[in-house]
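Structure assessment
For reference, the chains in residue letters:
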Amino acid sequence: MASPLRALGVDNPVLAAPMAGGPSTPALVVEAARTGSLGFLAGGYRTADALAEQISEVRSHGVAFGVNLFAPNPLPVDPRDFRRYAAAIAPEARAFGIDTGPADIVEDDDHWTDKVDLLLAAPVPVVSFTFAVPEPAVVASLRAAGTLVVQTVTSPAEALLAAEAGADVLAVQASAAGGHSGTFTPEHVPAPVPLTELLGRVRATVSLPLVAAGGLAGPGDVAGALRAGADAVMAGTALLRADEAGTSLPHRAALADPGRRRTVVTRAFTGRPARALANRFTDRHSGHAPSGYPALHHLTRPMRRAAAAADEPDLIHLWAGTGYRDATAEPAARILTRLASRV
């Protein structure tokens, strides 16, 4: 176990990964802490006020926890590509009364400054960053406030940048992970390097504690990652069906559907590489979806929300890692305890 985490009272090396968009809830974070683990609130796609409410709820339980933020790393979309894509997905959106034709290109930073200010004004035990390394001044300010800083990386080169910026711990994410890749260069899809091999490469580059993520479906995977040099691991997909998770009903059902036989890395929903269960939308649009984050995220979001409300899984982002078959519907405590059973 990485000593900075042990100092927070963490003795279960299987952490609950942040999952933006709903799955990560205060209840999931609190339950993780009660098993000796550490859970992360997902700050992505939330306003600072909404995040503050979740932080307050977790604090009321007196447990250690983390907060994850998307660090700004815009990938501007070509306006012509955006218009072509808006026209291509128009039939699916129109089924829900949504017209993508006049949609504006939205390029925002996900309330970055407001959320950093929140975490500096009322420090939390751990803050992790995904998509990019924040400015060193942000990292230094958080550390000065007593916050442990964790940086998501997908390669040795990114690990070196994170170490130079002052990160305390690195979350090493392999391509098998579900949801968005944390790559700093989202115009390129990360190479499919096995997690244990990636851990070895990163360990040879930096000496920081490592938390492994991506494709950890069972106790054997966890034990293998720890043997390969990780001090802890993060479970995401394994918790999507947990009782305390806020995963939508159609997403839960899709994870358990034996007819869903593969995952794909796609830009179709957000313009940034992300691993999801294959569905009709990914099959139709992955081949011509342009790079462009967060513009494509904002373009497809109304359709995805409407499809989720209508229980239409073929038009929503079914984020899932390669080990999705092992995701189970039961309390998070059982899942986290079972994953750590061979440690």
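Just above, that's the structure.
All of the points below concern the structure found in this document. (Residues numbered from 1 in each chain as written. Predicted model: local features only at pLDDT ≥ 70, side-chain atom pairs only at ≥ 80, totals over all residues. Heavy atoms only, no water.)

1. Some details on the sheet that holds strand β7 (residues 179-180)
Stated precisely, the cut-off is as follows: Criterion used throughout: strands pair if DSSP finds at least two bridges between them. Each helix is a run of H or I in the DSSP string that is no shorter than four residues. Each strand is a run of E no shorter than two, and both are numbered from the N terminus.
The antiparallel open sheet is built from three strands, whose spatial order is β7-β11-β10. The sheet is open, and its two borders are formed by β7 and β10 (263-266), each paired with just one other strand. Here β10 runs beside strand β11 (residues 274-277); their pairing, made up of four bridges, is antiparallel. Paired with Thr-263 across the strands is Leu-277, a residue of β11.

2. Notes on the packing of aromatic side chains
As a reminder of what qualifies: When the centres of two rings from Phe, Tyr and Trp lie within 6.5 Å, Trp using its six-membered ring, the rings pair. Their planes under 30 degrees apart give stacked, over 60 give edge-to-face, and anything left gives tilted. Only protein chains enter the calculation, and the probe is 1.4 Å; a residue is then buried if its accessible area is under 20% of its type maximum, exposed if over 50%, and partly exposed in between.
What the rule picks out here adds up to six aromatic pairs. Each ring, one from Phe-269 and one from Phe-281, has its centre 4.9 Å from the other, and the planes form 20°; the classification is stacked. In this pair, Phe-269 is assigned in the loop between β10 and β11 and Phe-281 in helix α12 (residues 280-285), connecting sequence segments twelve residues apart. In this structure Phe-269 comes out as buried when scored by relative accessible area, which is 1%.

3. Structural notes on the nonpolar core
To be explicit about the condition: Put simply, buried Ala, Val, Leu, Ile, Met, Phe, Trp, Tyr and Cys residues joined by side-chain atoms within 4.5 Å make one nonpolar core. Throughout, a residue-residue contact means that at least one pair of heavy atoms, one from each residue, lies within 4.5 Å.
Membership of the largest hydrophobic core comes to 66 residues, with the highest contact counts inside it found for Leu-170 and Leu-239. Element by element, the count of residues in this core is highest for helix α13 (residues 295-309), at five residues. Those residues in contact with Leu-170, other than ones at most four positions away along the chain, are Val-150, Gln-151, Val-153, Ala-159, Ala-162, Val-202, Val-206, Leu-208, Pro-209, Leu-210 and Val-211. Core analysis: the next-biggest nonpolar cluster, separate from the first, contains 24 residues, Leu-41, Val-124, Phe-129 and Val-138 among them.

4. Comments concerning the pattern of salt bridges
What counts, and what does not: For salt bridges, the criterion is a side-chain nitrogen of Lys or Arg within 4 Å of an Asp or Glu carboxyl oxygen.
Here the structure, examined in full by the defined rule, presents twelve salt bridges. Asp-81 is the partner of Arg-84 in a salt bridge, and the nearest nitrogen-oxygen pair spans 2.3 Å. Of this pair, Arg-84 and Asp-81 are both found in helix α4 (residues 79-88), three residues apart, which corresponds to roughly one turn of the helix. For Arg-84, a relative accessible area of 54% gives the class exposed. For Arg-260, the salt bridge identified is with Asp-257, shortest N-O distance 3.8 Å. Judged by relative accessible area, Arg-260 falls into the buried class, the value being 11%.

5. Focus: helix α2 (residues 26-34)
Most of α2 is tucked away, with seven of its nine residues classed as buried. If you follow the buried residues of α2, they end up packed against β1 (14-16), β2 (40-42), α3 (48-59) and α14 (332-339). Gly-36 occupies a position one or two residues after α2 and carries a positive phi of about 85°.

6. Description of the packing of helix α6 (residues 112-121) against helix α7 (residues 136-144)
Stated formally: Every axis corresponds to a line fitted to the C-alpha atoms, with the helix fit spanning only the stretch in contact, and the corresponding angles, defined between N-to-C directions, vary from 0 to 180 degrees. Roughly parallel here means an angle under 35 degrees, roughly antiparallel means over 145, roughly perpendicular means 65 to 115, and every remaining angle is called oblique.
In contact at an axis separation of 10 Å, α6 and α7 are set at 25° when each is read in the N-to-C sense. As far as their axial angle goes, α7 and α6 are roughly parallel. Every residue of α7 that contacts α6 at Trp-112, Val-116, Leu-119 and Leu-120 is listed here: Val-138, Ser-141 and Leu-142.

7. Comments concerning a negative patch on the surface
Formally: Put simply, a patch holds well-exposed residues, over 30% relative accessible area, that have no salt bridge, with like charges counted together within 9 Å and Val, Leu, Ile, Met, Phe, Trp or Tyr side chains within 5 Å. Here the open area of atoms and residues is found with the Shrake-Rupley method and a 1.4 Å probe, where only the protein chains shown may cover a residue. Only four residue types enter the charge count: Lys and Arg as positive, Asp and Glu as negative, with His and the chain ends excluded. In this description, the location of a charge corresponds to atom NZ of lysine, CZ of arginine, CG of aspartate or CD of glutamate.
On the surface, Asp-49, Glu-53, Glu-107, Asp-108, Asp-109, Asp-114 and Asp-117 cluster together into a negatively charged patch. Of all the elements in the fold, those that place two or more residues in the negative patch are α3 and α6. Residue position: Asp-49 is located in helix α3.

8. Section: the sheet that holds strand β8 (residues 210-213)
In spatial order, the strands read β1-β9-β8-β6-β5-β4-β3-β2; together these eight strands make up an open sheet with parallel pairing. Each of the sheet's edge strands pairs with one partner strand only, and the pair in question is β1 and β2. Neighbour-to-neighbour, the strand axes of the sheet open up by a mean angle of 30°, direction not taken into account. With three bridges joining them, β1 and strand β9 (residues 232-235) adopt parallel strand pairing.

9. Notes on the packing of α4 against α13
Note the cut-off: A crossing counts as left-handed when the near helix is turned anticlockwise from the far one by less than a right angle, and as right-handed when that turn is clockwise. We call Asp, Glu, Lys and Arg charged. Ala, Val, Leu, Ile, Met, Phe, Trp, Tyr, Cys and Pro are nonpolar, and the rest, Gly among them, are polar.
For the pair α4 and α13, the least separation of the axes is 11 Å and the interaxial angle reads 20°. Between α4 and α13, the angle is such that the two are roughly parallel. The two elements α4 and α13 meet at a crossing, and its hand is right-handed. Of the residues in α13, those in contact with Phe-82, Tyr-85 and Ala-86 of α4 are Ala-295, Leu-296 and Leu-299. Tallied by class, residues from the contact of α4 with α13 come to six nonpolar, no polar and no charged.

Remember, this is a structural readout, not a statement about activity or role.
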